[in-house]
Amino acid sequence: MISIITVCIIPCWTLYFVSEVQAQNTSDDSVTLRCQTFSMTFTVGDANIDSVCASTSDSPLYKNSGGFFVRTHETKIPLVYVGGKEDRLEFASQDGIYHVEFGVATGKKYLAFRLLTLHGFECGNCSERVTLTFDLPYPRRGFSAWGLDYVTDVFSDLRTMVCWPCVSGMKKLSTSQAGVSDPLGAFALFHADNADEADEIMLHIWGEQETRFPKIADGKWSYAQAKEWLTRWQETFSDRSRGNISVEDFKAPEAIDSLKKMVDRMKEADVRQIYLFTDVWREGFWQSKTLNWGVNTDLFKNGESDFLEFSRYVRGKGLLLLTHYLSGTIGFHDPKYVENVADSR
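### Examining the nonpolar core
And then number 1: One finds Phe42 and Phe91 to be the most contacted residues of the largest nonpolar core, which totals 35 residues.
And then number 2: With residues up to four places along the chain from it excluded, the contact list for Phe42 reads Asp29, Ser30, Val31, Leu33, Ile49, Asp50, Phe68, Tyr81 and Phe91.
And then number 3: In terms of nonpolar packing, the next biggest core, distinct from the first, is built from 19 residues, Leu259, Val263, Val280 and Val295 among them.

Below, the structure is given as structure tokens:
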């Protein structure tokens, strides 16, 4: 699975994590965060995590290893655990410039961290790019991280990095600040011995933590709702058999009729998906005179209304309609975004 877990935050921030959980005080100067599968202990004054232990083993997976750091291109500044109260854990650099606070929500088999505020990362303190990181070393031992919102990225390779983008020029940023509507970032950390266990834990995270989820008709989003949604998704999309249609496959003026006949044949062949290439549903591979999403009116004479009618025809056959799409390019003669005179800006 995964190893180095790095939480990155780029200049101009201050980190706060609010917790819904039990942080168990093991002594006056240490705290242990615990779920069913692993525990993590921090000790006041230590720059490294005191220990990370799996519930199935007597030996620590990590001992005096990993933790929170401020990184620049050439330096790595450790953040020591300085204590906390109730459900908050605080970390700071020894020179006092950087200070972060976390809250931790504990699930049965995961710990979830949510960013509330950051101090000391404002641009005036930094002559170069600065990031905040959380590291667990070594590319093994079954740990993974999962970003819980669209501002939190997780990169997994030989190391896992959880990263938030920079908020330039902000001296302080918090969830209570007026005018701030975007989330500040959150991630969950979990330990699994195999892929099936990891999938199950991630379903619990998705259903139990504050994160994005599909619209549901009624009821509250939960683990049960997440599991039911995933089952429906698998039933719909597990069969990826596909029939590809390109412009050479039919000719005008009977193009639409030919297109529908091809759908009928694919239904008879037990194909699940109909895939239209860009030269079918819009102007061409790279469009020139139409909008990026503009429908091919040589084929669909009435534009979007004809395209939607064809889509309903495909769905009526119990098939799925897919379209090939390229990154949001703007054609040289785009009718909406390109004018005869260049914009001076």
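### What about the sheet that holds strand 19 (residues 242–245)?
Sheet strands pair via backbone hydrogen bonds, and the direction of the pair is either parallel or antiparallel.
And then number 1: Ordered in space as 19-20-21, the 3 strands form an open sheet in which the pairing is parallel. What marks the edges here is a single partner per strand, and that holds for strand 19 and strand 21 (320–323). Across the sheet, the mean angle from the axis of one strand to that of its neighbour is 25°, orientation sign disregarded.
And then number 2: In terms of strand pairing, strand 20 (residues 273–276) meets strand 21 through 4 bridges, oriented parallel. Note that in strand 21 the partner of Leu276 across the bridge is Thr323.
And then number 3: Where helix 5 (residues 304–316) meets the sheet, its contacts fall on strand 20 and strand 21, and the angle it forms with strand 21 comes to roughly 135°.

### Regarding a nonpolar patch on the surface
And then number 1: Together, Trp293, Ile330, Tyr337 and Val338 give the surface a local cluster of nonpolar side chains, amounting to about 400 Å² of exposed area.
And then number 2: Take Ile330: it is sitting in the segment after strand 21.
And then number 3: A relative accessible area of 52% means that Ile330 is categorised as exposed.

### Quick word on the packing of aromatic side chains
Where two aromatic rings form a pair, the distance of their centres and the angle of their planes describe that pair.
And then number 1: Inspection of the entire model under this criterion finds 19 aromatic pairs.
And then number 2: Between Trp281 and Phe307, the aromatic rings sit 6.2 Å apart at their centres with planes inclined by 40°, giving tilted as the arrangement. Note that Trp281 is positioned in helix 4 (residues 278–281) and Phe307 in helix 5, a separation of 26 residues in sequence.
And then number 3: For Trp281, a relative accessible area of 7% puts it in the buried group.

### Thoughts on the packing of helix 1 (residues 195–208) against helix 2 (residues 223–237)
And then number 1: Where helix 1 meets helix 2, the axes come as close as 7 Å, and the angle between the chain directions of the two elements is 120°. Here helix 1 is positioned oblique relative to helix 2, judged by the angle of their axes. The handedness of the crossing between helix 1 and helix 2 is right-handed. Listed contacts from helix 2 to Glu200, Leu203, His204, Trp206, Gly207 and Glu208 of helix 1 are Tyr223, Ala226, Lys227, Trp229 and Leu230.
And then number 2: Partitioned by chemical class, the residues of the contact of helix 1 with helix 2 number 6 nonpolar, 2 polar and 3 charged.

### What about the packing of helix 3 (residues 255–268) against helix 5?
And then number 1: At their nearest, the axes of helix 3 and helix 5 sit 10 Å apart, and the two run at 20° to each other. When the axis of helix 3 is compared with that of helix 5, the two are roughly parallel. Considering the relative orientation of helix 3 and helix 5, their crossing is right-handed. Contact residues: helix 3 offers Leu259, Lys260, Val263 and Asp264, while helix 5 offers Glu309, Phe310, Tyr313 and Val314.
And then number 2: Considering only residue class, the contact of helix 3 with helix 5 consists of 5 nonpolar, no polar and 3 charged.

Criteria and thresholds
Residues numbered from 1 in each chain as written. Predicted model: local features only at pLDDT ≥ 70, side-chain atom pairs only at ≥ 80, totals over all residues. Heavy atoms only, no water. Core = buried A, V, L, I, M, F, W, Y, C linked by side-chain atoms within 4.5 Å. Buried < 20%, exposed > 50% of the residue type's maximum accessible area, 1.4 Å probe, protein only. Contact = heavy atoms within 4.5 Å. Pairing = 2+ DSSP bridges. Helix = DSSP H or I, 4+ residues; strand = E, 2+ residues; numbered from the N terminus. Axes fitted to C-alpha atoms, helices over the stretch in contact; angles between N-to-C directions. Patch = residues over 30% accessible without salt bridge, like charges linked within 9 Å, V, L, I, M, F, W, Y side chains within 5 Å. Areas by Shrake-Rupley, 256 points an atom, 1.4 Å probe, with all protein chains shown as cover. Salt bridge = Lys/Arg side-chain N within 4 Å of Asp/Glu carboxyl O. Phe/Tyr/Trp six-rings, centres within 6.5 Å; stacked < 30°, edge-to-face > 60°. Parallel < 35°, antiparallel > 145°, perpendicular 65-115°, else oblique. Left-handed = near helix turned anticlockwise from the far one by under 90°. Nonpolar A, V, L, I, M, F, W, Y, C, P; charged D, E, K, R; others polar.

Keep in mind these values describe shape, not function.
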